[in-house]
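# Structural description and commentary
Below are the chains, spelled out letter by letter.
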Amino acid sequence: MLFSNFFAPTSKDTPADAKIASHILMLRSGMVSQAASGIYYWLPLATRVLEKISRIIDEEQARINSQKMYFTTIQSADLWIESGRYEAYGKEMLRLKDRKDGDFLYSPTNEEQATDIFRKYVKSYRGLPLCLYQIHWKFRDEIRPRFGVMRGREFLMKDAYSFDINFEGAKASYMKMFQAYIRTFRRMGLTPIPVQADSGAIGGNMSHEFQILAETGESTLYYDKKLPTASDEELMNIFAVTNEKYDPNTSSIPENELMVSKGVEVGHIFYFGTKYSKAMNAFVLDENGNKLYPEMGSYGIGVSRLIAAIIESSHDERGIIWPEAVAPFDVTLLNLHHKNEKCREAAQKIYEAINGHRKCSAPTQKEVLYDDREISIGEKFADADLIGIPWQVIVGEKKIKNNLVELKNRKTGEIIEMSPEEIIERFGKKC
Ligand code: P5A
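Keep in mind that what you see is a predicted model, and the values were worked out from it rather than measured. (Residues numbered from 1 in each chain as written. Predicted model: local features only at pLDDT ≥ 70, side-chain atom pairs only at ≥ 80, totals over all residues. Heavy atoms only, no water.)

## Some details on the site of the ligand
Around the ligand, 23 residues are found, and the nearest of them are Thr109, Glu111, Arg140, Gly152 and Glu265. Within the side chain of His268, an N or O atom sits 3.2 Å from an oxygen atom of the ligand. Of the residues forming the shell around the ligand, the biggest block, five residues, is contributed by strand E13 (residues 258-273). Split into classes, the residues belonging to the shell around the ligand amount to nine nonpolar, seven polar and seven charged. (Near = heavy atom within 4 Å. Polar contact = N/O pair within 3.5 Å; in protein donor to acceptor, adjacent residues only side chain to side chain. Helix = DSSP H or I, 4+ residues; strand = E, 2+ residues; numbered from the N terminus. Nonpolar A, V, L, I, M, F, W, Y, C, P; charged D, E, K, R; others polar.)

Have a look at this one:
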């Protein structure tokens, strides 16, 4: 992608109403733009990151046989009247009328729809276990939307729904999802802290939140200081709670073994048994022809909030520092002297080698943003650091005389000199 063709309206100014790093940097780097309170346009840079995150989620869901589909964003109120949540959900639910005066709502979550699709098609215990998920927009009319996409009203969520024959099955599904979430967040360069949590409006009696440590987080976490080094098996049972659940009088952990930190909730999983299957009369027949209500769970990831959480945990005073797995591009190419023919030639050669020839059908291995704009060197460097692509290839007139360019690591600031050929060897498309 040529930066001169790319829609990333960057800005030097710190927006007045943005208070935390991720919000400021997402606005300044031209990732998002506010459409209304708590509602954002997702511009191309941010969309690339949403897609990278979604792909990691898809891969990890596939490993546990969780199948992707789309529920709907507009739901009929009837399902929610059946489950008993239509009134209970209160003002956070955006309620709509169609032209025939029918009652609808914009999805805040999809437990009812998942139960509905299940009861329509699954009639036998042989159809279990089943796990369905989507990555789709939600709307919650939060009283206090704040910190940009961190607490939005419209936001992108990954939501999964599992159906099992009995409690043991449901618990196994819950644990598989728990492990999948740990892997998912780690692949994004994060250290997830799973905490035992309240299940709130979703209901049920087994629930974990996945928190990412950040000073600007809205939750306060109390956890065993062994947690960051615990094995995956230990993680589920190690002491970790949010402030709502913490009681110093009943805590099993002595104070000197306790850590207290702020966190951002990026995921939340729930086991709620037959709450929805019974309320909505979703059942299968067992081997003996008896009615059996499936045991259910639901599992959420705040996909759009994750972008803010990643930036909170990975930035400096100059801008974002993307972990490689979710970066909008793998490498950015900066031609500092666009009027110099040697620079132009070298940059063009590197650019074409990374993108590959049209004839080459190998999937693109690395994605490059080539800053070919006719602007000052300072502006190019500032934008590159602000946007935070992990690798910068810098082509300048002095070095190119000796057939050298610079490769800079955005995170460490380390610079190594290489020939354009070596850059191509490292980032070029392998046909
Ligand atoms: C689980 C999946 C649920 O809704 N039903 C389907 C369950 N859980 S949840 O905890 O309420 O939400 C899941 C995750 O969504 C993110 N999230 C938000 N992100 C941005 N803005 C919001 N207003 C918002 N509300 C929830 C969180 O990451 C949460 O863990």
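We are not done yet, so read on.
## Observations concerning the packing of helix H10 (residues 341-355) against helix H13 (residues 420-427)
Where H10 contacts H13, the two axes come as close as 9 Å, and the packing angle between them is 15 degrees. By the criterion of interaxial angle, the relationship of H10 to H13 is roughly parallel. Of the two possible hands of crossing, H10 and H13 adopt the one that is right-handed. Taken together, the residues of H13 that come into contact with H10 (itself represented by Ala346, Lys349, Ile350, Ala353 and Ile354) are Pro420, Glu421, Ile423, Ile424 and Phe427. Residues belonging to the contact of H10 with H13 are distributed by class as follows: eight nonpolar, no polar and two charged. (Axes fitted to C-alpha atoms, helices over the stretch in contact; angles between N-to-C directions. Parallel < 35°, antiparallel > 145°, perpendicular 65-115°, else oblique. Left-handed = near helix turned anticlockwise from the far one by under 90°. Contact = heavy atoms within 4.5 Å.)

## Here's the deal with helix H11 (residues 377-387)
Residues of H11 that are buried: Lys380, Asp383, Ala384, Asp385, Leu386 and Ile387. One or two steps after H11, the chain reaches Gly388, where phi turns positive at roughly 80 degrees. (Buried < 20%, exposed > 50% of the residue type's maximum accessible area, 1.4 Å probe, protein only.)

## With respect to unusual backbone geometry
Each neighbour pair has its own omega, and for Leu128 with Pro129 the value is -5 degrees, a cis peptide bond. Residue placement: Pro129 occurs in the loop between helix H5 (111-121) and strand E7 (130-139). One non-glycine residue, Asp101, lies in positive phi territory at about 70 degrees. Considering the arrangement of structural elements, one finds Asp101 in the loop between strand E5 (94-97) and strand E6 (103-106). The class of Asp101 is exposed, set by a relative accessible area of 53%. Of note in this structure, Asn281 is not a glycine but carries a positive phi near 50 degrees.

## Some details on the pattern of salt bridges
Applying the stated criterion to the full structure yields 29 salt bridges. Between Asp141 and Arg153 there is a salt bridge whose closest N-O contact spans 2.8 Å. Of this pair, Asp141 sits in the loop between E7 and strand E8 (154-164) while Arg153 sits in the loop between E7 and E8, and the two are 12 residues apart along the sequence. A relative accessible area of 27% means that Asp141 is categorised as partly exposed. For Arg318, the salt bridge goes to Asp316, with nearest N and O atoms at 3.3 Å. On the accessibility criterion, Asp316 (18% relative accessible area) is buried. Taken together, the shared-partner salt bridges in this structure form one network comprising Glu59, Glu60, Arg63, Arg183 and Arg187. (Salt bridge = Lys/Arg side-chain N within 4 Å of Asp/Glu carboxyl O.)

## Quick word on H10
If you check H10, its first and last C-alpha atoms are 21 Å apart, about what 15 residues at 1.5 Å a residue would give, namely 21 Å. Residues of H10 that are buried include every one of Cys343, Ala346, Ala347, Ile350, Tyr351 and Ile354, and no others. Projection of H10 onto a plane perpendicular to its axis shows the buried side chains occupying an angular sector of 130 degrees, all on one side. In this structure, H10 carries Glu341, Lys342 and Glu345 as exposed residues pointing more than 90 degrees from its buried face. Of the surrounding elements, those touching the buried residues of H10 are strand E19 (331-335), strand E20 (368-371), strand E21 (391-395), helix H12 (397-400) and H13. N-cap assignment for H10: the residue whose side-chain oxygen lies 2.8 Å from the backbone N of Lys342 is Asn340. Remark: Gly356 follows H10 within two positions and exhibits a positive phi of approximately 85 degrees. (Expected span 1.5 Å × (residues − 1). Arc of directions from axis to C-beta.)

## Concerning the nonpolar core
By size, the foremost hydrophobic cluster in this structure holds 72 residues, and its most contacted members are Met31, Ile53, Met188, Ile307 and Trp322. Sequence-distant contacts of Ile307, defined by excluding residues within four places in its chain, comprise Met26, Met31, Trp42, Ala46, Val49, Leu50, Ile53 and Trp322. (Core = buried A, V, L, I, M, F, W, Y, C linked by side-chain atoms within 4.5 Å.)

## Some thoughts on the sheet that holds E21
Here five strands make up an open sheet; going across it, the order is E20-E19-E21-E22-E23 and the pairing mixed. Two strands bound the open sheet, and with one partner strand each, they are E20 and strand E23 (415-418). Between one strand axis and the next, the sheet turns by 20 degrees as a mean value, whatever way the strands run. Relative to E20, E19 runs parallel, the two sharing four bridges. Bridging from a neighbouring strand, Val331 pairs with Val368 of E20. Against the sheet, H13 engages E19, E21, strand E22 (405-409) and E23, with an angle of about 40 degrees to E22. (Pairing = 2+ DSSP bridges.)

## Digging into the side chain of Asp385
Tracing the sequence through the fold places Asp385 in helix H11. Within the local environment of Asp385, its side chain forms a polar contact with the side chain of Arg318, the two groups lying 2.7 Å apart. Excluding residues within four positions of it along the chain, Asp385 makes contact with Arg318, Gly319, Ile320, Gln392, Lys408 and Arg410.

These results come straight from atomic positions and should not be treated as a statement about function.
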